[in-house]
Amino acid sequence: MLKKGGLTILERILRGLQEDQWSIEKDLNQWVLAHKEEEGFLFSVLKRGELLATPQNVSQIDSPVRYWEAIIFCPEGLSSQDLKQPALQKIQAWFIDLQTGSIFAAPATEKRDRLNQILSYLEPTPSRGATQGNSTDVPLNSRFAPASNGVIFRPYLTYSLVFINLFIFALMTLAGGSTNTGVLIMFGAKVNALIIQGEYWRLFTSMFLHIGVIHLAFNLYALWILGPILEELFGRIRYLFIYILSGVMGSLASFLSTEAISAGASGAIFGILGALVVYSRRRPSLWKSGFGKNLVIIVLINLSIGFFQPGIDVYAHIGGLLGGMLLASILSMK
């Protein structure tokens, strides 16, 4: 498992745990158990498409461990189906995709303190007999190498964008309602006649307006789910660049294709989808894992709905999607 002239990742972690006086043992189902006082970890290696066996010794070992976490290494990559492991019910599990360096928590959680504790054994520190010149299994800049201060990435820019959209929607509601044509025009919706007269700023402002609470809810939910992924992968500046320009390109496509008054963050959100598709397509293992293919399916479904559902500005969706793909192809990743 990622052995480069030395110990495997799991062997290095276990050696570090033993040096720190942890008890190590194996059960009949090939799980490796490490426990010390009230802390316990389960380690295993998962082959693509297989199910993990139930750990046998967790409840029998003579230790005061109250809380176990499982860490599963996936040398062949990881699919969404691999995360559904009946053997790990009621156990916090961490799946580490060794093809991409990505970590998936099941169930989802941001509490990574104990995981970072384990991953710290992969750092080449003098105390464990390693030097900067030693061969390592994991690059120091790997996405799952723990930060020295243990800080979890927070998508503050996504939070800010969500807040801005909510704030403007509240102002529109107080001004007479987000479905009121006069209010939409006053706040900067895309109106072709006014843009032709020189109000080009409407191509920008329209991406922060929404027509009705359902429109707002759908877009902000998509932003809340997808935004943090792109923000972490590309960095905040590139992420903002993609978001804004995709939104403007969506508005421009709508301007060139339809006379209807329109508004919404859909163009920017489709830009995020497009950028993520390009990112995963450039990484064969990530694409094969199903991540990129699932995004393509989401895009196709939503575009299809836009073509057949009245009131949806599908041209803005297409413009934003193409904009995000183009920008992701040009910009370098974080």
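What you see is a predicted model, and the numbers here were worked out from it, not measured in a lab.

Caption draft 1: Structural detail: helix α9 (residues 266-281). Across its 16 residues, α9 extends 22 Å between first and last C-alpha, which sits within 8% of the 22 Å expected from 1.5 Å per residue. Among the 16 residues in α9, 15 count as buried, and that is most of the element.

Caption draft 2: Structural view of the nonpolar core. Within the largest apolar cluster, 45 residues are counted, with the highest numbers of intra-cluster contacts made by Leu223, Leu230, Tyr243 and Ile272. Every element with two or more residues in this core is listed here: α3 (156-175), α4 (181-187), α7 (213-234), α8 (236-257), α9, α11 (291-308) and α12 (314-330). For this core, the leading source of residues is α9, giving 10 residues. Ignoring any residue separated from it by four or fewer positions in sequence, one finds Leu230 in contact with Gly235, Tyr239, Ile242, Ile272, Ala275 and Leu276. Residues Leu17, Val32, Trp94 and Ile103 belong to the second largest nonpolar core, which totals 21 residues.

Caption draft 3: Expanded view of the pattern of salt bridges. Overall, the coordinates contain four salt bridges when judged by the stated rule. The salt bridge partner of Glu39 is Arg114, with a shortest N-O separation of 3.6 Å. Here the residue Glu39 occupies a position in strand β3 (residues 39-45), and Arg114 occupies one in helix α2 (residues 113-119), the gap between them amounting to 75 residues. Note on Arg114: relative accessible area 15%, which makes it buried. In this structure, Glu231 engages Arg236 in a salt bridge whose closest nitrogen and oxygen atoms are separated by 2.8 Å. On the basis of relative accessible area, Glu231 is assigned to the buried category, the value being 0%. Taken together, the salt bridges that share partners define one network made up of Glu39, Glu69 and Arg114.

Caption draft 4: Here's a closer look at the confidence of the model for the protein chain. Summing up the model confidence of the protein chain, the mean pLDDT is 81 and the portion of residues at 70 or higher is 84%. Segment residues 1-6 is flagged for pLDDT under 50; beyond a separation of four residues in sequence, or across chains, it makes 17 contacts in the model. This model gives residues 126-151 a pLDDT under 50, and the stretch forms 46 contacts once residues within four places in sequence are excluded.

Caption draft 5: How the structure looks around unusual backbone geometry. With an omega dihedral of 0 degrees, the bond running from Ala106 to Pro107 counts as a cis peptide bond. Tracing the backbone shows Pro107 in the loop between β6 (102-106) and α2. The backbone of Gln21 sits at a positive phi, close to 70 degrees, despite the residue not being glycine. Along the chain, Gln21 falls in the loop between α1 (9-19) and β1 (23-26). Taking the relative accessible area as the measure of exposure, Gln21 reaches 62% and is therefore exposed.

Calculation rules
- Residues numbered from 1 in each chain as written.
- Predicted model: local features only at pLDDT ≥ 70, side-chain atom pairs only at ≥ 80, totals over all residues.
- Heavy atoms only, no water.
- Helix = DSSP H or I, 4+ residues; strand = E, 2+ residues; numbered from the N terminus.
- Expected span 1.5 Å × (residues − 1).
- Buried < 20%, exposed > 50% of the residue type's maximum accessible area, 1.4 Å probe, protein only.
- Core = buried A, V, L, I, M, F, W, Y, C linked by side-chain atoms within 4.5 Å.
- Contact = heavy atoms within 4.5 Å.
- Salt bridge = Lys/Arg side-chain N within 4 Å of Asp/Glu carboxyl O.
- pLDDT = per-residue confidence, 0-100.

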